[in-house]
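The residues making up each chain are set out below.
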Amino acid sequence: MSEMGTPRRRATLVMFSAGIDSTYTLVRLLQETDDEIYAHHVHMVNVENRHEVEARRSRAIAEHCMKTIRKFHYSETSIDHRNMRWFGYDIISVGFEAGIVAHSFHMARKRPMDRWTIGTCEEEGHDEERFAHVLAACAANCYPTPPPAFFLLPLIPKAEEIAYLPRPVVELCWTCRRPVAQADGPPAECGTCKTCKLMLKIRAERGTSTADAEK
Ligand SMILES: [Zn+2]
């Protein structure tokens, strides 16, 4: 309860990439909890050059969900590793930025963020041992306050995540790791990266064509 005696809603941070997994996580939490939701998108700027299309899709999904589901907080920050040969692990940057958002929330609201999450699916899983480094990166940016609790929704296959999402939202998702620049118009999916291969398989099973939200 707050000082005013009104129940305090749980504040939940969703690290949001505009891919299927994190979009599913965001939509599910919006639809099935009363939490105060903070969705945060990180521009992962590197030689893969997918940050521009991801940012457009991220904003479009946020706008659509606010109109059709409910209002939530949306923010963005950037990590730019273009000058380095090694562009780092995205998931470590996600943890680092989650700590920035959580600490900022604490400063603004005079209370800690309650919990945070990411998107993943049954196929991609969750490597607890590796994720310890992500939690450490988040904790480092919350210091000296303890970091928010990390949680995951139950992992389900990507096809089930897609089936759960409203169709216009699925079409706004961006999944390719290495978008191919086109002379006229938006980038195309590469068709060969890890997530493209998985998406091709899922789309074939569902009998749908490629994502075409920008065509
Ligand atoms: Zn691809």
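Reference entry: report on the structure contained in this document. If you're wondering where the values come from, they're calculated on a predicted model, not measured in any experiment.

1. A word on unusual backbone geometry
Glycine aside, residues mostly have negative phi, and peptide bonds are mostly found in the trans state. Residues Tyr 143 and Pro 144 are joined by a peptide bond in cis, for which omega reads 5°. Within the secondary structure layout, Pro 144 lies in the loop between helix H4 (128-142) and strand E5 (149-150). Its identity is not glycine, yet Lys 110 carries a phi of approximately 60°, on the positive side. Mapping Lys 110 onto the fold places it in the loop between helix H3 (90-109) and strand E4 (115-117). Lys 110 gets classed as exposed once you look at its relative accessible area, which sits at 68%.

2. Structural notes on the pairing of strand E3 (residues 73-80)
Successive residues of a regular strand alternate their side chains across the two faces of the sheet. Where strand E2 (residues 36-45) and E3 come together, eight bridges link them in parallel fashion. Its bridge partner lying in E3, Val 45 is registered against Asp 80. Of the crossover connections in this fold, the one passing from E2 over helix H2 (residues 51-68) to the parallel E3 is right-handed.

3. Quick look at the sheet that holds E4
Ordered in space as E3-E2-E1-E4-E5, the five strands form an open sheet in which the pairing is parallel. Bordering the open sheet on either side are E3 and E5, each of which pairs with just one other strand. Here E4 runs beside E5; their pairing, made up of two bridges, is parallel. Bridge assignment links Trp 116 to a residue of E5, and that residue is Phe 150. Running over the sheet, helix H1 (residues 20-32) touches strand E1 (11-15), E2 and E4 and is turned about 160° from E1. Against the sheet, H2 makes contact with E2 and E3, and its axis sits at roughly 165° relative to E2, the strand it touches most.

Conventions we followed
Residues numbered from 1 in each chain as written. Predicted model: local features only at pLDDT ≥ 70, side-chain atom pairs only at ≥ 80, totals over all residues. Heavy atoms only, no water. Helix = DSSP H or I, 4+ residues; strand = E, 2+ residues; numbered from the N terminus. Buried < 20%, exposed > 50% of the residue type's maximum accessible area, 1.4 Å probe, protein only. Pairing = 2+ DSSP bridges. Right-handed = clockwise from strand over helix to strand, strands pointing away. Contact = heavy atoms within 4.5 Å. Axes fitted to C-alpha atoms, helices over the stretch in contact; angles between N-to-C directions.

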